[in-house]
Each structure stands twice: as C-alpha cells, then as structure tokens.
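Chain and residue survey
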Amino acid sequence: MSRVVLLFLAAASAAPLFAQSTASVSGKVTDPSGSAVPGARVTVVNAVTRFERAVESNADGAFVVSNIPFHSYEVRIEKVGFMPSSQTLSLRTNVPTVLEVKLQLASAAESMVVSGFEKLLLVDPEETGTHTQMNQSDIEKMALGAGNRGLEAVLVSFPGFAQNANGAIHPRGAHNQMTYVIDGMPVSDQLTGAFANAVDPNIVQTVELFTGNVPAEYGNKISAVANITTKSGQGTGKVFTGSTMATLAQFDTLGQVTQFAGERKKWGYSGSVNTMETHRYLDQVSLDNLRNGGHSTRGFMRADYSATARDVLRFNVMAGSSPFELANLRSQQAQGMAQRQLMRDFSSAVAWVHTIDARTTYESNVSFRAISAQLFDSAGDTPVTSSQARRHSTFTVANRINTIRGKHSIRAGFDYQRYPVRENFSFGITDPTFNEPGTDGYNANLLPFDLTRRGKRFYFGEKGVGSMYSAYVQDNIKLGRFQISAGLRQDYYRFLANGNQFQPRLGVSFNLKETGTVFRASYNRTFQTPPIENLLLSNSNQAAVLTPPEVQSALGNKVTPLRSERQNFYEVGLQQALVGKLSLNASFYHKDADDQQDNNNFFNTGIIFPITLRKIRVNGAEGRIVVPQYKGFSGSVSFTHSRAISSPPFTGGLFIGNDAVALLSAGPFVIDHDQKLSVQGILNYSHKRGFYSSLSMRYDSGLVANPSDPKEVAADPDFSDLLPYVNLDSYPARTRPRTITDMVVGYEHAKEGKRQYDLSLQVSNLTDQTALFNFQSIFVGTRLVTPRNVGVRLRYYF
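Worth saying up front: this structure is predicted, and the values here are computed from it rather than measured.

1. Some thoughts on the overall build of the protein chain
Summing up its helical and strand segments, the protein chain has 10 helices and 41 strands in all. Based on the C-alpha atoms only, the size of the protein chain along its principal axes is roughly 95 × 50 × 50 Å. Counting every position in the protein chain, which comprises 798 residues, the buried fraction comes to 59%. Partitioning the contacts of the protein chain with sequence separation of at least 6, the portion at a separation of at least 24 is 68%. Put simply, the protein chain shows about 30500 Å² of open surface, and 58% of that area lies on carbon and sulfur atoms. Side-chain charges of the protein chain comprise 77 positive and 67 negative groups, with the mean position of each set lying 5 Å from the other.

2. Some details on the sheet that holds strand 12 (residues 185-187)
Spatial ordering of the open sheet is given by 8-13-14-11-12, a layout of 5 strands whose pairing is mixed. The open sheet terminates on both sides in strands that have one partner only, identified here as strand 8 (131-135) and strand 12. Here the strands of the sheet are splayed against their neighbours by 20 degrees on average, with no regard to which way each runs. By the bridge criterion, 5 bridges tie strand 8 to strand 13 (residues 204-210) in an arrangement that is antiparallel. Paired with His131 across the two strands is Phe210, which belongs to strand 13.

3. Quick notes on the sheet that holds strand 7 (residues 97-102)
Here we have 3 strands laid out as an open sheet, ordered 4-1-7, and mixed in their pairing. The two strands at the open ends of the sheet, each matched to only one other strand, are strand 4 (62-68) and strand 7. The average undirected angle you get between the axes of adjacent strands in this sheet is 20 degrees. Two elements, strand 1 (residues 23-30) and strand 7, share 6 bridges in a ladder whose sense is parallel. Opposite Ser26, over in strand 7, you have Val98 as the bridge partner.

4. Here we look at unusual backbone geometry
For the peptide bond that leads from Thr382 to Pro383, omega is 0 degrees, which places it in the cis range. With an omega dihedral of -5 degrees, the bond running from Tyr731 to Pro732 counts as a cis peptide bond. Mapped onto the elements, Pro732 comes out in the loop between strand 35 (726-727) and strand 36 (734-735). Although it is not a glycine, Arg172 adopts a positive phi angle of roughly 50 degrees. Secondary-structure assignment places Arg172 in the loop between strand 10 (169-171) and strand 11 (178-182).

5. A few points about the environment of Gly294
Its location among the elements puts Gly294 in strand 18 (residues 294-305). When sequence neighbours within four positions are dropped, the list of residues in contact with Gly294 reads Met276, Glu277, Thr278, Tyr281, Pro323 and Phe324.

6. A look at the nonpolar core
Within the largest apolar cluster, 34 residues are counted, with the highest numbers of intra-cluster contacts made by Phe425, Phe427, Phe458, Leu537, Phe602 and Leu654. For this core, the elements supplying multiple residues, two or more each, are strand 21 (360-376), strand 23 (408-429), strand 24 (458-479) and helix 6 (535-538). Ranked by residues supplied to this core, first place goes to strand 23 with 5 residues. Listed in part, the 31 residues of the second largest apolar core include Phe158, Val199, Ile203 and Phe300.

7. So, the confidence of the model for the protein chain
On average, residues of the protein chain score 89 in pLDDT, and 92% of them reach the 70 mark or higher. Between residues 1-19, whose pLDDT stays under 50, and residues either more than four places distant or in other chains, the model counts 46 contacts. In the model, residues 109-120 has pLDDT below 50 throughout and makes 20 contacts with residues more than four positions away in sequence or in other chains.

8. Some remarks on the pairing of strand 2 (residues 41-46)
Strand 2 sits mainly inside the fold: 5 of its 6 residues count as buried. Relative to strand 3 (residues 51-56), strand 2 runs antiparallel, the two being bridged by 6 bridges. Along strand 3, the bridge assignment pairs Val44 with Arg53. Counting the residues that bridge the hairpin from strand 2 to strand 3 gives 4 residues, and of these Arg50 lies at a positive phi of roughly 65 degrees. Two elements, strand 2 and strand 5 (residues 71-78), share 5 bridges in a ladder whose sense is antiparallel. Across the sheet, residue Arg41 finds its bridge partner in strand 5, namely Glu78.

9. A closer look at the side chain of His392
For His392, the position within the fold is in strand 22 (residues 384-405). Given a relative accessible area of 4%, His392 falls into the buried group. Side chain to side chain, His392 and Asp189 meet in a polar contact 2.9 Å long. In this structure, His392 is in contact with Asp189, Arg369, Ala370, Ile371, Pro420, Val421, Ile532 and Glu533, ignoring residues within four places of it in sequence.

10. Regarding the pairing of strand 6 (residues 85-91)
Direction of pairing for strand 5 relative to strand 6: antiparallel, over a ladder of 7 bridges. Bridge pairing links Ser72 to Ser90 in strand 6. Here strand 5 folds back onto strand 6, and the loop between the two strands holds 6 residues, one of which, Gly81, carries a positive phi near 95 degrees.

11. Focus: the packing of aromatic side chains
This model, assessed by the stated rule, comprises 26 aromatic pairs. Residues Tyr416 and Tyr469 carry aromatic rings whose centres are separated by 5.0 Å and whose planes lie at 45 degrees to one another, so their mutual orientation is tilted. With Tyr416 in strand 23 and Tyr469 in strand 24, this pair connects stretches of sequence that are 53 residues apart. Aromatic side chains Phe427 and Phe458 sit 5.3 Å apart centroid to centroid with 35 degrees between the ring planes, which places their arrangement in the tilted category. In this pair, Phe427 is assigned in strand 23 and Phe458 in strand 24, connecting sequence segments 31 residues apart. Its relative accessible area of 0% is what places Phe427 among the buried residues. Looking at Phe458, the relative accessible area reads 4%, which means it is buried. Linked through ring pairs, Phe425, Phe427, Phe449, Phe458, Phe602 and Phe609 together constitute an aromatic cluster. If you follow Lys141 out to its NZ or CZ, it ends over the ring of Tyr692, 4.9 Å from the centre. Here the guanidinium or amino end of Arg340 rests over the ring plane of Phe376, the centre of that ring lying 4.7 Å away.

12. Here's the deal with a nonpolar patch on the surface
A surface patch of nonpolar side chains, about 440 Å² in accessible area, is lined by Leu248, Leu254, Val745, Leu761, Val790 and Val792. Within the secondary structure, Leu254 sits in strand 16 (residues 253-264). Residue classification places Leu254 among the partly exposed positions, given a relative accessible area of 48%.

13. Quick word on the environment of Asp721
Structurally, Asp721 is set in the loop between helix 10 (710-714) and strand 35. Spatially, the C-alpha atoms of Asp721 and Ser286 are 8.8 Å apart, while their sequence positions differ by 435 residues. Setting aside residues no more than four positions away along its own chain, Asp721 makes contact with Leu287 and Arg330. A distance of 2.3 Å separates a polar atom in the side chain of Asp721 from a polar atom in the side chain of Arg330.

14. Considerations on empty space enclosed by the protein
One pass over the full model with this rule turns up 19 cavities of 30 Å³ or more. In this structure, the second largest cavity encloses a volume near 500 Å³. What lines the second largest cavity is a set of 37 residues, among which Val48, Thr49, Gln133, Arg624 and Val626 lie closest to the centre. Of the residues forming the lining of the second largest cavity, the biggest block, 5 residues, is contributed by strand 29 (residues 582-601). For the lining of the second largest cavity, the residue count by class is 12 nonpolar, 18 polar and 7 charged.

Conventions adopted
Residues numbered from 1 in each chain as written. Predicted model: local features only at pLDDT ≥ 70, side-chain atom pairs only at ≥ 80, totals over all residues. Heavy atoms only, no water. Helix = DSSP H or I, 4+ residues; strand = E, 2+ residues; numbered from the N terminus. Buried < 20%, exposed > 50% of the residue type's maximum accessible area, 1.4 Å probe, protein only. Contact = heavy atoms within 4.5 Å. Areas by Shrake-Rupley, 256 points an atom, 1.4 Å probe, with all protein chains shown as cover. Lys, Arg positive; Asp, Glu negative; His and termini not counted. Charge placed at Lys NZ, Arg CZ, Asp CG, Glu CD. Pairing = 2+ DSSP bridges. Axes fitted to C-alpha atoms, helices over the stretch in contact; angles between N-to-C directions. Core = buried A, V, L, I, M, F, W, Y, C linked by side-chain atoms within 4.5 Å. pLDDT = per-residue confidence, 0-100. Polar contact = N/O pair within 3.5 Å; in protein donor to acceptor, adjacent residues only side chain to side chain. Phe/Tyr/Trp six-rings, centres within 6.5 Å; stacked < 30°, edge-to-face > 60°. Lys NZ or Arg CZ within 6 Å of the ring centre and 35° of its normal. Patch = residues over 30% accessible without salt bridge, like charges linked within 9 Å, V, L, I, M, F, W, Y side chains within 5 Å. Salt bridge = Lys/Arg side-chain N within 4 Å of Asp/Glu carboxyl O. 1 Å grid on protein atoms, 1.4 Å probe; cavity = no way out; pocket = protein on both sides within 12 Å on 5 of 7 lines; lining within 4 Å. Points joined across faces, edges and corners; volume = space filled by probe spheres on them. Nonpolar A, V, L, I, M, F, W, Y, C, P; charged D, E, K, R; others polar.

Okay, here's the thing in structure tokens:
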C-alpha cells in the first residue's frame, strides 16, 4: 500500500466527512525528524470570498478542516519555533484532500517565499462561469433591515439581480426561476415573503451563487442557483454553545433568533429558532401602510453522525409558519376588507457519504418538502372576494459519484423527483363598477361570476401528481493554462405538458497569469419547468374561459398547456487582479428562450398564477469589484444592466382586472424584469477593539411599470399620490430611479478571544426616500419601498 493511501487512511480516521457538496482538508504536521507536531494552527482562507477557518493539530499532529465551499484557497500552517508553511489548493470535490506537512525549524530555514499567492487568489483560473460566494461572518454584519424576510436580502447584493417587492429578485432577466440547494436538498419554490417562507440567513455558513455556466448537476429552475452550506456543530470543540439575539425596530417590529451547536464523540449538531412580529410584514401597496401586520416562526436542525472513518450520515429538519394580513388600498380599508394569509412549510432530509478510496466518493440524499398556502376572504372584500387552499410536496432522491482521475475531476448522478399537488380556489366580483358592461376593457367572460349582477362564485378544485427523472455527468479538466468544464444533462418531465431536454453545458477559461487575468466563455442549454404554485388552475379549462377575448384570439381560442422553458445561454467574461489588492469579475451574457416562464399576481394578494409567453430575449452586462480586508476595511461594488424583451401570446394565468394584458398581447414588449442599471456598494469596517460598521447604498434606475393612463391614475384616490414616483409618459413606463442607503454600527465585546455580546444599531432607508418597486404591474401589482426603519439588536453568546 502506498504512503499516500496510508496517510489518507490515517487522516480519515480522525476526519468527519460531510454529506454535501463541500470539500475537506486533512493531514498530519511533522517536524524535520518526522515526529508529530501538536498544536500547529492550520488555516484555510480565501481573501476575496472572505472564507476563513482555523483548527489546531492534535497530539498525533493530525488535523481536519471540513465544510469548505468549493473554491481555491491558501492553507497556512503555523507553530511557534517553526517557519510557517503555505500552499494553494483547488478544492472542487468532496473527495478528501490529504496533506503531509513538514515544518522547518526557524533556526534551520533562512527564508520562505510563497510566490504568486495574492495574484492567484484575487482571480480563480478554474472558474468558467459567474460564481460568487459569501460567508456567515459577512452576513452577520451586513446592513440588513430589521425584520428582513430571508436570504434574498443577501443575494441581491450580488450582481445580476433586479430587486422587486416582498423580497423578490429577478436573476438575469428571469422572473424568479431560482433553485436553493440546502445541504444537497433542492428547493425550487418561489421563496419570497408573499408566496412562501424564505430561507433564514441565520442558518447559513456559506452561500455560493451560480449565474453563469451552471454545472450540469443543477436542473429545474436555474436562472440562478444558491448552493447553501448550513452550520455544523462538528469542529466547535464544545458540547453546547450558541447565542440568542433580540431585535426591536419601528413598525412595532419585535424579533429573536436563538442558535445553538455542539459535538460529542461521533455526533455534531446545530439548530436555530427565529421568530418575528411586525406591522409592516409585506411591502405596502399605498403610502398609508394600511393593515399590514404579520409574524413568522422558523426552525432548523442539523445533525451529523460519523458512523465510520469512511461513512457519515446527516439529518436536516426545517419548518416555518407565517400568518399575516394582506395590505389594503384606501378603498379596501374603507370597505372593511380584512383578508389574511397563512403559509406553512416543512422539510426533512437524510444524506449519506461513503468514501470508496482516496480518489472516489459516493453520496446519496433523500429529502421531502411540503408547502401549504391559505387565503381567507372577508365580508368587506372589494373589488373581488377570493379564497385559496393549496398544497404541494416535493420528494427527491439524488445519487452522486465523485472521482478524480489524473487531470479529470468527474461528477455524475441520477435524480428522481415526485410532486403531488392539491389546489382549491374561488372568487367572485363584489364591486358593481368593476368590469362594468359597456366600459373599456369589459370582459364578458367574467359576467357569470359577478356577484353584483346575479352571478355565482367561481370554484376550482383539483389534484395531480408530476415527476421528473434526471441524469448528468460533468468533468473539470485542467490543460495547462486552460480549464475546461464539460457537462451533459438529460431531464424527463412528466406533468400536464410533458417534456424532455438534452442539455450540454460547456465552459472554458484561460489564465494569463502574467497580468493576473482570466478570460472565460460558456454555453448552456437549459430546461426550466413551470412554477408549481397554482399550476393546475393555470392549465385548466375553467381558467381558460375567464381569459380576455384578445388573449383567447391570440391562442386560437383553444387551451394551450404551459410548457417548460428551453433556453440557450451564452456568456463571456473575465477576472482581473487590480493593483495587487482588488478583484474584478465582469461578464456579458445573452439568453434566448422559448415558452418563457412567469407569473401574474391576483389583485396584490399572495396568490400567483403561472403563465408562459412565446419567447424572451435577454442581453445583459454585470460586474463586481471586491476589496479584500485591508486595515479593517473591506467592501464591494456591483453593477447590473439587463434588457429583456418578451413576445406574446400569454398562456395560462388568471388575468382578472389586468386591462394591460390586451395591449401587451399585440406584440413584443419590454417586460418588468428589464432594468437599465443597478449599482450596489458595500463598505465594511471592523476594529480590533470590537467596533464595526457596514454601509450599503443601492441605486436602481427603475423597473418597467404598467402602461397606465396618467389621467385615470390622477383621478383614482387609491393611486393618485403615487404619480410622482412613476414615469407613465416614458416608453416603456417605468418607476422612477431611487437610491436607498442602509447602515449598521455596532460593538462586539470579547474576552480572551471569546465573544460575549454584540450590540448594534440598524437603519434601513437612511434618507427616508419614497419610491416604488413597481406600479399596477400585471405580474406583481403595486408595491412601495420600505420607509426609514430604525432598529437595535442585542446578541448574547453562551
């Protein structure tokens, strides 16, 4: 047996493996004579992503650093009396990386020079697409608003996103086709405050974001993929530790987050409980913020069990509940409208990783996720009363094999998903001036459901089951200065409108190391399935008969099922090290797609209906400059430009009260994902005595709004005072530009290197700017940006 294999087995006996897409580094530290060096500090660090983790070697000189996101890192080994050692590693697989480190005595070594480190880690020669990362240490100090809804408030700081209401973010011209992969469990629900419970950022150890050259292992909804590694108790060195944080802010906002973690023998665990109550739960629909209260409860638990030196099991449980009011317009408030919504979710997963040999691992992940949403009507509903009860589940079995063969790093897998769906929905018109016969925009198809004209309530109830089978293989190959990422994926989708797609994913990068430059280019063919929320109703004959005559005519007066979106996605880009201290990552992309996926929103409620348009074409450019930490300062600046043109006809949806759908059905139009420019800058400061601050400024030039008639808006008491914040005379109509500034200042007290408490002040929308996310949009309705909100938070560590 070779020395490498023996070293691997020795390290594996002390190393917990991790059942997810993360890397691990283990090994042994020795002195020149070959004797073990205990107490050596081993640090894995990346200056750009700001990931850093440190451990100490044990009495045998062995060490292990686990739960490391895929990237390039510097590994430093230091011990008093020895010269420090440093080397750069590319960690791109969960096949364990094993090191043998021999430290030289300080008196025996004249010098040690690690050349090219700064330039190498300011750029990553192995990245063939746009891939960014953020870690929990940065998330904790970000200027996030008190009561923020979830991880999307973090992701929007990356380039490539147009910010919308209630936490919605549009990745690269798409509506919301994102997948969150939480410790290997895929979640493709629309995770925004209005439609589903978002991912709690407090459970996140690291989030990786893929928006260009998405690896073949990811499918379903992949306009962006957020790969989330949650916190693990293994490596804490304690049986029980954690923190509790209380938050108090305006709009009667109260919240608390309690986190805990620990390890004992072969077990490690971590958990979180997050509760929040506020009187501004969703983004308001008028300047008055009428009836907009709600609260949320979220819980998370993870346990890791190292069964043998080659096997580990991981268990995850995640649940949430959010009852809240639906914000009213003034006319609705006057009528006593009091609709409520309740959203619940539950997820569980079991994963197993088996190390076959020093170059190969096998992993399996079985997960279940269930979501329910209920809308409760009220006696004062206007102009429409509605109710809903929907539930959908996702059962996933995923199997992966990873192996390293020379220059090849290969990953292959097979996935199976099954989605049972149940939907119940009803509505009726309650305002006699709404859809009045003889008026412009009158839709005769709604007359049978006009309760003011002897109509009856519309009812829909149905259930169904869908499934998808997927197989893929991907290979990362290093050939001199070139890095090639080659993948193939095949999806078989079976639900309402069946579809299959063969998907090549190819990317290449070239490292011009003399100038610190990495060029890249990629092509992806992708297959994106329709949104699952209310998919049965949107595909039904019952919904089709409600469609305005103009839309029915465009579809040939027949019911057309919602098909999966097929995309061609092209990207070119570069990374550049600047003045040896900064990192630039820029890209240009083009996307053309058939059967574009989107939603239409039902009267500013939390009810959405999937739709498709015939095609979409998107061109965009984006970039990000990162300033690694220097004398306590760090930061980044991101910019995004996106041009999105959609072509009708519309298919699916439930267009009631959306007069603009007839106009938009006439020909290609600029969709509301389109935004000329957004810029976000973040500046962080951390003092060695514990003081810290973070300042975030975001400029948005304005999303596309509904092409409403300014005279009609001026005469409408619900919307007239919003006219200064939207430009209805431009083509296309847009919300007006805005610049929002958020800040946090705080103090973290530590004693003998151990954190004890943290006190901070948060201010959202520092200048109290009034602005619109969108206006009367057929896709998302009308929503306003949060007014100034001041809050304090106190965290105690135990």
